[in-house]
Amino acid sequence: MPEELNETTENIENSLEEAVSNESVPDVIIYEKKIDSLGRAYATGKRKNAVARVWIKPGSGKISINKKEFERFFARPVLRMIVEQPLNATDNKNKFDIICTVSGGGLSGQAGAIRHGLSKALLNYEPNNRATLKSGGFLTRDSRVVERKKYGRAKARRSFQFSKR
């Protein structure tokens, strides 16, 4: 009886080794360019409640958001810096014209949504940038959103003021 068990375990081990050796290991994934007929790359970015649609095409570095100039739409330098982060990381500062439409949320959420969409559009235009964009965290959608208000509470977590009598 024990001899039969040894033979069956050896058979199973041999068949497993054959199966593992026959499997083909997939090579590196190759990402391809996604450009429309007008030579633009498109992507959608999201942050909080803001949604941004971003088109990029080769140009002088002009950025327009909702048909407004970049400096007029984002008056605060911090918001402009957030939007320009993927361009600076990939050394494409003045190489692309960027057209965005953004809706929902506040200015901070909109800046984050444009940054996310711009990163994805740069990836669609130049797939070689994936390593730098991924390491910078630009391709990850920031999933933090406002917590909902609960019943019996003033806000999401704040209680009503306590009254002793």
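These notes cover the structure that comes with them. (Residues numbered from 1 in each chain as written. Predicted model: local features only at pLDDT ≥ 70, side-chain atom pairs only at ≥ 80, totals over all residues. Heavy atoms only, no water.)

## Things to note about the overall build of the protein chain
Point 1. Scanning the protein chain for helices and strands turns up five helices and five strands.
Point 2. When the elements of the protein chain are put in sequence order from the N terminus, they spell out α-β-β-β-β-α-α-β-α-α.
Point 3. Scored against the burial criterion, the 165 residues of the protein chain give a buried share of 28%.
Point 4. Long-range pairs, those at least 24 residues apart, make up 69% of the contacts in the protein chain between residues at least 6 apart in sequence.
Point 5. Put simply, the protein chain shows about 11900 Å² of open surface, and 52% of that area lies on carbon and sulfur atoms. (Helix = DSSP H or I, 4+ residues; strand = E, 2+ residues; numbered from the N terminus. Buried < 20%, exposed > 50% of the residue type's maximum accessible area, 1.4 Å probe, protein only. Contact = heavy atoms within 4.5 Å. Areas by Shrake-Rupley, 256 points an atom, 1.4 Å probe, with all protein chains shown as cover.)

## Here's the deal with the nonpolar core
Proteins that are soluble and globular tend to have nonpolar side chains buried together.
Point 1. Core analysis: the largest hydrophobic core is formed by 29 residues, its most contacted members being Val54, Ile56, Ile65, Phe74, Ile98 and Ile114.
Point 2. Looking at this core, the elements with two or more residues in it are β1 (41–47), β2 (50–58), β3 (63–65), α2 (70–73), α3 (77–89), β5 (96–103) and α4 (107–125).
Point 3. Filtering out sequence-adjacent residues up to four positions away, Phe74 remains in contact with Ile65, Leu79, Arg80, Val83, Leu107, Gln110, Ala111 and Ile114. (Core = buried A, V, L, I, M, F, W, Y, C linked by side-chain atoms within 4.5 Å.)

## Quick word on unusual backbone geometry
Point 1. A positive phi angle, close to 50 degrees, is found at Asn66, a residue other than glycine.
Point 2. A relative accessible area of 30% places Asn66 in the partly exposed class.
Point 3. The phi dihedral of Lys67 is positive, around 65 degrees, even though this residue is not glycine.
Point 4. By the secondary structure assignment, Lys67 is in the loop between β3 and β4 (68–69).
Point 5. Judged by its relative accessible area of 83%, Lys67 falls in the exposed class.

## Overview of the layout of surface pockets
Point 1. There is about 190 Å³ of room inside the largest pocket.
Point 2. Contributing to the lining of the largest pocket are 13 residues, with Arg47, Ile82, Gly112, Arg115 and Asp142 lying nearest its centre.
Point 3. In terms of residue count, α4 provides more of the lining of the largest pocket than any other element does, four residues in total.
Point 4. Grouping the constituent residues of the lining of the largest pocket by class yields two nonpolar, five polar and six charged. (1 Å grid on protein atoms, 1.4 Å probe; cavity = no way out; pocket = protein on both sides within 12 Å on 5 of 7 lines; lining within 4 Å. Points joined across faces, edges and corners; volume = space filled by probe spheres on them. Nonpolar A, V, L, I, M, F, W, Y, C, P; charged D, E, K, R; others polar.)

## Some thoughts on the pairing of β5
Point 1. In this sheet, β5 lies alongside β2 in antiparallel orientation, the contact comprising eight bridges. Across the sheet, the residue bridging to Arg53 is Thr101, located in β5. (Pairing = 2+ DSSP bridges.)

## What to know about the pattern of salt bridges
Point 1. Evaluation of the coordinates by the stated rule reveals six salt bridges.
Point 2. Salt-bridge contacts for Arg157 lead to Glu147; the nearest nitrogen and oxygen are separated by 3.1 Å. Pair noted here: Arg157 is in the segment after α5 (130–135) and Glu147 is in the segment after α5, with a separation of 10 residues, a long-range link.
Point 3. When its relative accessible area of 62% is taken as the criterion, Arg157 is described as exposed.
Point 4. Three or more residues are tied together by salt bridges with common partners; here these are Arg47, Asp142 and Arg144. (Salt bridge = Lys/Arg side-chain N within 4 Å of Asp/Glu carboxyl O.)

## What to know about the packing of aromatic side chains
Point 1. Inspection of every chain in the model, using the stated rule, returns four aromatic pairs.
Point 2. Judged by centre distance (5.0 Å) and plane angle (90 degrees), the rings of Phe73 and Phe74 are edge-to-face. Note on accessibility: Phe73 and Phe74 belong to one class, buried.
Point 3. Plain terms: the ring middles of Phe96 and Tyr125 are 5.0 Å apart, the flat faces sit at 80 degrees to each other, and that makes the pair edge-to-face. Here Phe96, found in strand β5, pairs with Tyr125, found in helix α4; they are 29 residues apart in sequence, far enough to count as distant.
Point 4. Overall, Tyr125 belongs to the buried group, its relative accessible area being 13%.
Point 5. Three or more aromatic residues joined by ring pairs form one cluster here, namely Phe70, Phe73 and Phe74.
Point 6. Here the basic side chain of Lys33 rests over the ring of Tyr125, its NZ or CZ set 5.0 Å away from the ring centre. (Phe/Tyr/Trp six-rings, centres within 6.5 Å; stacked < 30°, edge-to-face > 60°. Lys NZ or Arg CZ within 6 Å of the ring centre and 35° of its normal.)

Everything listed here is a matter of coordinates, which is why it stays silent on function.
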